[in-house]
Amino acid sequence: MKVLVTGFEPFGGDAVNASAEAVAALAERWAGPEELVTAVLPVEFDQVRGQDGPLLRLLDEHRPDVVVSVGLAAGVTQVRVERVAINLMDARIPDNGGAQPVDAPVVDGGPAARFATLPVKAAVDAVREAGIPAGVTYSAGTYVCNATFYALQHALAARPGVLSGFVHVPRTTEEVGAEASASALVDGGEAHLPVGELARALEIVVRTALAAARGEVAEPAVAGGTLH
């Protein structure tokens with residue numbers, strides 16, 4: 001089996017992006033036996049959703065069985081496994097190519113939403129069991145992360161055997177520059193987790209998905225919704 005995991009380049013004036021740092025750390029710790037392919041995507045709407053963009057090229061070139069895209073959600077205090085992507089681009093700031101779409105679809109004529117096919121709840125449970133804060137979330141925003149998530153799920157809708165989805169991570173402790181552990185999430189108001197913990201969480205998400213692909217794991221029938 002083959003796994004594709006992607007992160008993002010820095011944006012918004014940041015020098016680094018925690019998603020790319022975590023994906024690189026995952027690649028260093030990966031011991032197989034499945035083949036792991038990693039990549040860093042541009043923070044550009046047209047690149048991540050375009051037919052000739054790197055995301056769809058990676059899918060066509062590698063034909064992965066599991067795909068996890070990873071993005072930064074600055075300020076969050078946990079690893080967030082996203083459940084739904086919406087067909088909307090509404091950018092608060094320009095992307096790295098200068099584009100700032102407002103109220104535009106990710107895919108013209110596409111459905112309003114696309115859902116992750118990863119075992120979202122099972123993955124969150126497994127990450128929590130490892131002592132890493134995690135949760136299921138229901139909005140990936142309206143910036144490039146959501147556009148990537150939607151484009152990914154849209155492209156794979158015709159490949160029902162592929163398990164795919166999106167994970168948001170907080171900033172890394174190394175970036176924030178504070179001494180903290182997985183249980184000490186906030187220092188000076190900036191939420192963070194060590195990059196090693198983020199990599200471990202991503203590995204758990206991937207291995208849970210691989211187990212689900214082999215029929216060894218099923219989504220637990222437990223509530224994971226919210227009241228707001």
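This text gives an overview of the structure that appears in the document. Nothing here was measured: the structure is a model prediction, and the numbers come from that model. (Residues numbered from 1 in each chain as written. Predicted model: local features only at pLDDT ≥ 70, side-chain atom pairs only at ≥ 80, totals over all residues. Heavy atoms only, no water.)

1. Here we look at the packing of helix 1 (residues 18-29) against helix 7 (residues 195-213)
For the pair helix 1 and helix 7, interaxial distance at closest approach is 8 Å and the crossing angle is 70°. The angle between helix 1 and helix 7 falls in the class roughly perpendicular. Of the two elements, helix 1 crosses helix 7, and the hand of that crossing is right-handed. Across the interface between the two elements, Glu21, Ala22, Val23, Ala25, Leu26 and Arg29 of helix 1 pack against Val195, Gly196, Leu198, Ala199, Arg200, Leu202 and Glu203 of helix 7. (Axes fitted to C-alpha atoms, helices over the stretch in contact; angles between N-to-C directions. Helix = DSSP H or I, 4+ residues; strand = E, 2+ residues; numbered from the N terminus. Parallel < 35°, antiparallel > 145°, perpendicular 65-115°, else oblique. Left-handed = near helix turned anticlockwise from the far one by under 90°. Contact = heavy atoms within 4.5 Å.)

2. Some words on the packing of helix 4 (residues 120-129) against helix 7
Packed helices, taken two at a time, are described by their axes: the angle between them and the distance between them. Running from N to C, helix 4 and helix 7 point in directions that differ by 140°, and their axes come no closer than 9 Å. The angle between helix 4 and helix 7 places the two elements in the oblique class. For the element pair helix 4 and helix 7, the recorded crossing hand is right-handed. Each of Ala122, Ala123, Ala126 and Val127 in helix 4 lies in contact with helix 7, whose residues at this interface are Ala201, Ile204, Val205 and Thr208. Of the residues that constitute the contact of helix 4 with helix 7, the class distribution is 7 nonpolar, 1 polar and no charged. (Nonpolar A, V, L, I, M, F, W, Y, C, P; charged D, E, K, R; others polar.)

3. Structural notes on the pairing of strand 1 (residues 2-8)
Among the 7 residues that make up strand 1, 7 are buried, leaving the element largely enclosed by the rest of the structure. Here strand 1 shows two buried faces, one formed by Lys2, Leu4, Thr6 and Phe8 and the other by Val3, Val5 and Gly7. Looking at chain direction, strand 1 and strand 2 (residues 35-41) are connected through 7 bridges and run parallel. When the bridges of strand 2 are listed, Leu4 appears paired with Val37. Since strand 1 and strand 2 lie parallel, the crossover through helix 1 that links them has a hand, and here it is right-handed. In this sheet, strand 3 (residues 66-72) lies alongside strand 1 in parallel orientation, the contact comprising 4 bridges. Bridge pairing in strand 3 places Val5 opposite Val68. (Buried < 20%, exposed > 50% of the residue type's maximum accessible area, 1.4 Å probe, protein only. Pairing = 2+ DSSP bridges. Right-handed = clockwise from strand over helix to strand, strands pointing away.)

4. Remarks on the sheet that holds strand 7 (residues 134-137)
Here 6 strands make up an open sheet; going across it, the order is 2-1-3-8-4-7 and the pairing mixed. The open sheet has two edge strands, strand 2 and strand 7, and neither has a second partner. Here the average twist between neighbouring strands, direction ignored, is 25°. Relative to strand 8 (residues 163-169), strand 4 (residues 79-82) runs antiparallel, the two being bridged by 3 bridges. Each residue of the ladder has a partner; that of Val81, found in strand 8, is Val167. Across the sheet, helix 4 touches strand 4 and strand 7, and the angle it forms with strand 7 is around 160°. Packed onto the sheet, helix 7 meets strand 1, strand 3, strand 4 and strand 8 and runs at close to 165° relative to strand 8.

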